[in-house]
Amino acid sequence: MTLVPLLLVILAAFIHATWNLLSKRAAEAGAAFVFAYNVVACLAYLPWVGWIVAHNELVWSLPVAGCLLLSAIIHLAYSLCLQRGYRVADLSVVYPIARGTGPMLSSIGAFMVLRETPTSLGLFGLLAVVAGIGFISTQGDLSAFRRPKGQEGVRWGFATGSLIASYTVVDGYGVKVLGIHPVVLDWFTNFIRFFMLAPIVLSNPVRARKAMRGHWLLAIGVGLLSPLSYILVLTAIDMGAPLSLVAPAREMSMMVGAMFGMVLLGEPVNAWRIAGCLALVLGVVLLGAA
């Protein structure tokens, strides 16, 4: 992976960790918050999409429309599956399984669907990233996996990771093979998700307004940053970076999130988190060299 795509992925990781920090502060708002920042994203990025459509030849076809629709459905299913997993199982099980299996399955999908050729450096980098995710997420405490809900957490985590891999491969195919502009792909999938979420949220507008009380600024921040982080990732893929390397490299956001937690939220600094951050850095370096 060349320097510019790698820098884009690293920048995307910082932005991804930032919007996740904002989103966590509005966790209790639920679907209303997701709908609110989705609306912000659609409105904020509409001029950019309009400019791209007006100045670039955008060829609409059945495969392009199918890719956009499939991507929107998988992204929405991912969000719902993750929330369901958090509801019925321990976060300390669901999260590391989801974030660890996501890049692994994405890379396998890239090998099979996009015919990318695996390299030894790339595979070692992928393993280092997955190890770093495990160190940071579990902090060496595996007791949650042995609890009654541990196996259920593994199932939901694996399902979530599978959906992460699915939308990563679908979107990578859309950008690399179908030639869909990254901004256009992200905006249209957000636009389609708007119509999917609207009936759920607007069925009880009073409850939605109550849930959003005090969270509007957070929704604006997430609505602006969330698409940008993913657009940067898709742009790196569009520039020729292999999806099998980009998918694990973007998980550097785990390290950034851990740093934010320790510096901004006062979370404890321990050897497991430091080891996880070092493993992630090593993994990203190996991916960059690959």
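Parameters at a glance
- Residues numbered from 1 in each chain as written.
- Predicted model: local features only at pLDDT ≥ 70, side-chain atom pairs only at ≥ 80, totals over all residues.
- Heavy atoms only, no water.
- Helix = DSSP H or I, 4+ residues; strand = E, 2+ residues; numbered from the N terminus.
- Rg over C-alpha atoms; globule rule 2.2 N^0.38 Å.
- Buried < 20%, exposed > 50% of the residue type's maximum accessible area, 1.4 Å probe, protein only.
- Contact = heavy atoms within 4.5 Å.
- Areas by Shrake-Rupley, 256 points an atom, 1.4 Å probe, with all protein chains shown as cover.
- Core = buried A, V, L, I, M, F, W, Y, C linked by side-chain atoms within 4.5 Å.
- Patch = residues over 30% accessible without salt bridge, like charges linked within 9 Å, V, L, I, M, F, W, Y side chains within 5 Å.
- Salt bridge = Lys/Arg side-chain N within 4 Å of Asp/Glu carboxyl O.
- 1 Å grid on protein atoms, 1.4 Å probe; cavity = no way out; pocket = protein on both sides within 12 Å on 5 of 7 lines; lining within 4 Å.
- Points joined across faces, edges and corners; volume = space filled by probe spheres on them.
- Nonpolar A, V, L, I, M, F, W, Y, C, P; charged D, E, K, R; others polar.
- Expected span 1.5 Å × (residues − 1).

S.K.: Sorry, what's going on with the overall build of the chain here?
M.R.: On a plain count of helices and strands, the chain comes out with twelve helices and zero strands. When the helices and strands of the chain are read in sequence order from the N terminus, they spell out α-α-α-α-α-α-α-α-α-α-α-α. Taking 2.2 N^0.38 as the reference for a compact globule, 290 residues should give roughly 19 Å; the C-alpha atoms of the chain span a radius of gyration of 19 Å, in line with that estimate. Overall size of the chain, expressed as C-alpha extent along the three principal axes, is 50 × 50 × 35 Å. Burial status across the chain gives 50% buried among its 290 residues. Summarising the internal contacts of the chain: among those between residues at least 6 apart in sequence, 89% fall at separations of at least 24. About 13700 Å² of surface is accessible on the chain, with carbon and sulfur atoms providing 70% of the total.

S.K.: Which parts of the structure should I look at to understand the nonpolar core?
M.R.: As a rule of thumb, nonpolar side chains are buried together in soluble globular proteins. In terms of nonpolar packing, the biggest core is built from 60 residues, with Ile180 and Leu280 touching the most fellow members. Looking at this core element by element, the count peaks at eight residues for helix 3 (residues 62-88). When residues no more than four places from it in sequence are discounted, the contact partners of Leu280 are Ala128, Val129, Gly132, Ile133, Ile136, Glu251, Met254 and Met255. Among the nonpolar cores identified, the runner-up in size contains 18 residues, and Ala32, Tyr37, Leu197 and Ala208 belong to it.

S.K.: When you look at a nonpolar patch on the surface in this model, what are you seeing that I'm missing?
M.R.: A grouping of Ile108, Met112, Val113, Tyr173 and Val177 is seen on the molecular surface, where their side chains present a nonpolar patch of about 460 Å² in accessible area. No other element matches the three residues that helix 4 (residues 91-113) contributes to the nonpolar patch. For Met112, the location among the structural elements is in helix 4.

S.K.: Sorry if this is basic, but what is going on with empty space enclosed by the protein here?
M.R.: Unfilled space is identified by rolling a water-sized probe across the atoms. In total, this model carries one cavity of 30 Å³ or more according to the counting rule given. There is about 40 Å³ of room inside the largest cavity. Lining of the largest cavity is provided by Ala12, Ala13, His16, Ser229, Tyr230, Val233 and Arg250. Looking at side-chain class alone, the lining of the largest cavity contains four nonpolar, two polar and one charged residues.

S.K.: Looking at this structure, how should I read unusual backbone geometry?
M.R.: Backbone geometry follows two general trends: most residues other than glycine have a negative phi, and most peptide bonds adopt the trans configuration. Positive phi values are uncommon outside glycine, yet Arg115 reaches one of about 60 degrees. With respect to the helices and strands, the residue Arg115 is situated in the loop between helix 4 and helix 5 (120-138).

S.K.: What should I look at first to understand helix 11 (residues 253-264) in this one?
M.R.: Along an α-helix, a turn takes 3.6 residues, which lines up residues three or four apart on a common side. Relative to the 16 Å expected for twelve residues at 1.5 Å per residue, helix 11 spans 15 Å between its end C-alpha atoms, a close match to the ideal helical length. Turning to helix 11, its buried residues number three or more, namely Ser253, Met254, Met255, Val256, Ala258, Gly261 and Met262.

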